[in-house]
Structure formats: C-alpha cells, structure tokens
Amino acid sequence: MGAKIKQVEYYLPERILTNEELEKAYPEWSAAKLEKKVGIKQRHIAGPNETSLDLAINAATKILETEDKNLIDFVLFCTQSPEYLLPTSACLLQAKLGLRTEIGALDFNLGCSGYVYGLAIAKGMINSGLCKNVLLVTGETYSKFIAEDDISNRSIFGDAGTATIVTYSEEDMLGEFVFGTDGKGAENLIVKELTARNSYILQNNERPTLYMNGPEIFNFTIETIPPLLQKVIAKNKLQVTDIDYFILHQANKYILEFLISEMCLDISKCHIDMLNYGNTVSNTIPIALKDSLEQGRIKEGNKVLLAGFGVGYSWGSTIITL
Amino acid sequence: MIDNFIALFADALEKEKSAVAINDEFRNYEEWDSLAVLSLIAMIKQNYNITIPRKDFDELNTVSDLFEYIQAHR
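Source: prediction; values computed, not measured.

This part covers the overall build of chain A. When helices and strands are counted, chain A shows nine helices and 13 strands. What you see for chain A is a C-alpha radius of gyration of 19 Å, in line with the 20 Å of a compact globule of 322 residues. With the C-alpha coordinates aligned to their principal axes, the bounding extent of chain A is approximately 55 × 50 × 35 Å. Split into buried and exposed, the 322 residues of chain A put 47% on the buried side. Of all intrachain contacts in chain A linking residues separated by at least 6 positions in sequence, the fraction that spans at least 24 positions is 78%.

If you want it as structure tokens, here you go:
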C-alpha cells in the first residue's frame, strides 16, 4: 500500500508587479541588484477582490479538467489567509468545485513548510485506508498583509494557488518524512493584527501587517536545513548521490545558493527559480515540481527531495519517487 | 588577520577593500540595505562558523566591532 503524486497544477493571479514598477516607487532601491542577488524579476499579486481561496479554486479547476471529481474523497487546504475566520475555507472549496458531499475537508494553517506537511497528511490517510484520492490545495496572498511602504517584503513575496492529486498506489512513492517545529521563532515572521490575541480589533483602520525579521529567519534556515536534509536522506536509507533533484522551498536565490554551497550540493541538481513568481510561500514547491516536470528537469523514476521551512518556525522534508 | 577580515567584509558588501576602514560605521555606507545584513551574516557563518543573533548584530556599529565580536565568539 502506498501513495503517489498523480498531478500538479498551479494558478497565478493576472496582475504582475515588476521590479521596474517597484523601482519607480522607491527611487533608492535597485531593481537590477534585487534580480541579481535575490533572483526575483516579478511577482503576481492577487486583485483587490481575489482571495487565496479563489487562487486555489482556479488551480483545482485545472486539475478537474482531466481528473474525475467524483473520485476525490478528501480535501486538504493549506492557507494562512483563509476566506473567513470561520467556516473552514475547504468547505467552501468543496461546494465551489462541486465535489461530493460524502467527503472530508479541512484547512491547515502553515506557510512555507505547508506543502510537505500536506503530502504527509495525505500519505498517512491513504496508507491507513481512510481515503484514496486526496485533493491537496495551497493558496496564499501574503501581499494583502504587506504595507505599501514595506519594500523588502513587497519585493520578495508573490501570490499563487496550487492543486495536487495524491492518490493510492501499489508502491509507496512518497518516502519517509522528517518534521521540525520551534515556536520560539514565531515572533520573527508574524501577522499579529485582527487575531484572538489582539481581541480581533484593528487600531485606526490599520490592515493586518506582516512582520519579518529577515536576519533571524536567515539564521534559522542556515542552522536548520543542512541537518534536516542529512536526516531525511538517512531516514530514507539513501546517499546524497542517490537524489536526482532537490526542490527546497524557493524563499529566494540568495539563501538557496548559500545552503547549496554549505551542503556542497551539485547546483545543477538544485531548483532555483522564483524569477517570475517571487516567494509564494506554500506554493513554491508544487510550482517548482510542475515546472521541473514540464521542462524535463525531472522524469519518471527520479528521486526528488522536497524541503519546506519557514514561518512557525516549522520545517519538513521528504523524498518522493516520480 | 584583521586584514583578511576587511577583505572578506568588503567582498560581502561588494565594496573596494581600500574603501573600508576599521572604524567605519557600516550602516552609513551608501550600499547599506537589508540584503547587506544578510551578506555579512552569511560571510561570517561561512568563514568563521559563527551565527550572529539579530539582537547582537544590531549592537555592532563599526567594522572593528564586528571583528571583535568574531574574535570573542570563535
């Protein structure tokens, strides 16, 4: 008994925010420098009335063009920008997609580690016989939490939605997982406003605002990720040379190149491409998977290491066989 | 040793080595930005295997402060 990824699709909002546009708004800021060091040229931004759920629905609709929606027996929706405080966005997604009512659906709130956790939950449910076809959806619109004058975060983050079918398979194609959590890092990447801890009250018409302590997130990543990769490779009883391709959360080019150099990985086997998307949080890994498959960088039978890490702090990794 | 550090420091900030003096307050450099912070943290981790917490980094002002911090934490 096992589970495998059957199909991945993604959707990007129409509006594109280019480096040149940002440079006009912040004359002291350099578009060329950002592209060279951070590896981002543009990012897609959700419209004023476009939500994470809308992006997720658009991605899922692409999948349902070829998949029989009646076979889906569970929906997992990863988002940190849900449609409402309640009800669960996954319930709305079930109705909007016209999925059967005899299925389970739930949201889970994770950021950059979310896709790996979603695969783990789907695998666990399939392998224990609870369901056979899981629709794993991610949708994120951090842009709505970013202040107009916050050039650092505006230049990094982009919005997107993705959908993945995880299905029953004779052979287990989703390998062993390694997880990690350290809530002491919560304060370094956080949106505090309009939450229970702050009585759901907004002061002076302010919007919920994303705060990121970049240097601390960088420190967390360089301390945590190299041992995470070592552990997941050992847990899967493999050597680093057995891995055909590495898809790490596409935070930014700078940090990925640093990690690759620290771990002495073969850079030609490592995915670095957020040029046209920016950091799309829980969407980066499925977008990278889809692009790599389409561009022929990975193919059937390959072993691909996935690793997500960030807000929480939360991190997780697995090795999949295509 | 300090000479080697200044070379690494200048390289991290993409400055000419001759444009860096030991008593410079690096936050006053024209090229100082949030990416420069990461560049220095990365350079120090890679060359000295020291991770500088943000709160410590915020208290360092000059090239010399940074060098002394590294010496004290090696």
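Scanning chain B for helices and strands turns up four helices and zero strands. Along chain B, helices (α) and strands (β) appear in the sequence α-α-α-α when read from the amino end. At 11 Å, chain B has a C-alpha radius of gyration in line with the 11 Å of a compact globule built from 74 residues. Intrachain contacts of chain B at a sequence separation of at least 6 include 48% that bridge at least 24 residues.

All names here are of chain A. Alternating positions in strand β5 (residues 104–108) separate cleanly, Ala105 and Asp107 being buried on one face and Gly104, Leu106 and Phe108 remaining unburied on the opposite face. With five bridges connecting them, strand β4 (residues 74–78) and β5 associate as parallel partners. Bridge pairing in β5 places leucine 76 opposite leucine 106. Between the parallel elements β4 and β5, the chain passes through helix α4 (residues 89–97) in a crossover that is right-handed.

Residues and elements named next belong to chain A. Domain boundaries in chain A define domain 1 (2–170) and domain 2 (176–321). Computed over C-alpha atoms only, the centres of domain 1 and domain 2 are separated by 15 Å. Each partner contributes residues to the interface: domain 1 has 40 residues there, and domain 2 has 41 residues. Contributions of two or more residues to the side of domain 1 that touches domain 2 are made by β1 (2–11), α2 (31–38), β3 (42–44), α5 (114–127), β6 (133–140), α6 (151–156) and β7 (160–169).

A word on the nonpolar core. Proteins that are soluble and globular tend to have nonpolar side chains buried together. Counting residues in hydrophobic clusters, the biggest one holds 97 residues, and the most contacted among them are A:Ala56, A:Val75, A:Leu93, A:Val137, A:Ile247 and A:Leu305. Considering every element that reaches this core, the biggest residue donor is helix α7 (residues 214–235) of chain A, with eight residues. Taken together, domain 1 (2–170) and domain 2 (176–321) of chain A each give at least three residues to this core, which thus spans both. Residues contacting A:Val137, with those up to four places away along its chain left out, are A:Ala56, A:Ala59, A:Ala60, A:Val75, A:Leu76, A:Phe77, A:Leu93 and A:Ala163. One finds B:Phe5, B:Ile6, B:Phe9 and B:Leu66 within the second-largest nonpolar core, a separate group that totals six residues.

A word on the interface of chain B and chain A. Between chain B and chain A, the contact holds 11 residues from the first and 12 residues from the second. Looking at the side of chain B that touches chain A, the elements with two or more residues in it are α2 (34–48) and α3 (54–57) of chain B. Take the side of chain B that touches chain A: its biggest share by element is seven residues, from α2(B). Across the side of chain B that touches chain A, the residue classes tally to seven nonpolar, two polar and two charged.

Turning to the sheet that holds strand β13 (residues 314–321) of chain A, a few remarks are in order. Where strands meet in a sheet, backbone hydrogen bonds hold them as pairs that are either parallel or antiparallel. Residue and element names in this part refer to chain A. The four strands lie next to each other as β8-β13-β12-β11, forming an open sheet whose pairing is mixed. Edge positions in the sheet fall to β8 (174–181) and β11 (245–248), since each of these pairs with one other strand and no more. Pairs of neighbouring strands in the sheet enclose a mean axial angle of 10°, with direction left out of account. As judged from the six bridges shared by β8 and β13, these two strands associate in the antiparallel manner. Across the sheet, phenylalanine 179 pairs through a bridge with glycine 316, a residue of β13. Each of β11 and β12 (303–310) touches helix α9 (residues 284–294); the most contacted strand, β11, lies at about 150° to it.

Residues and elements named next belong to chain A. Between its terminal C-alpha atoms α5 stretches 20 Å, which fits the 20 Å expected from 14 residues at 1.5 Å a residue. Of all the positions in α5, only Gly114, Tyr115, Val116, Tyr117, Gly118, Leu119, Ala122, Lys123 and Ile126 are classed as buried. Positive phi appears at glycine 129, one or two residues downstream of α5, with a value of about 80°.

Let's shift gears to the pairing of β4(A). In regular strands, side chains alternate between the two faces of the sheet. Residue and element names in this part refer to chain A. Of all five residues making up β4, five are buried, and the element is well covered by its neighbours. Side-chain alternation along β4 places Phe74, Leu76 and Cys78 on one buried face and Val75 and Phe77 on a second face that is also buried. The pairing of β4 with β6 spans five bridges and is classified as parallel. Along β6, the bridge assignment pairs valine 75 with leucine 135.

Before going further, it helps to spend a moment on the confidence of the model for chain B. All names here are of chain B. Averaged over every residue, the pLDDT of chain B is 91; residues scoring 70 or more account for 100%. Mean pLDDT across the elements of chain B bottoms out in α3 (90) and peaks in helix α4 (residues 63–73) (94). On the interface metric, ipTM, the complex scores 0.86, and its pTM is 0.94.

So, how was this worked out
Residues numbered from 1 in each chain as written. Chains lettered and ligands numbered in written order. Predicted model: local features only at pLDDT ≥ 70, side-chain atom pairs only at ≥ 80, totals over all residues. Helix = DSSP H or I, 4+ residues; strand = E, 2+ residues; numbered from the N terminus. Rg over C-alpha atoms; globule rule 2.2 N^0.38 Å. Buried ≥ 20, exposed ≤ 12 C-beta atoms within 10 Å, placed from the backbone. Contact = placed C-beta atoms within 7 Å. Pairing = 2+ DSSP bridges. Right-handed = clockwise from strand over helix to strand, strands pointing away. Domains from an automatic or database assignment. Core = buried A, V, L, I, M, F, W, Y, C linked by C-beta atoms within 7 Å. Nonpolar A, V, L, I, M, F, W, Y, C, P; charged D, E, K, R; others polar. Axes fitted to C-alpha atoms, helices over the stretch in contact; angles between N-to-C directions. Expected span 1.5 Å × (residues − 1). pLDDT = per-residue confidence, 0-100.

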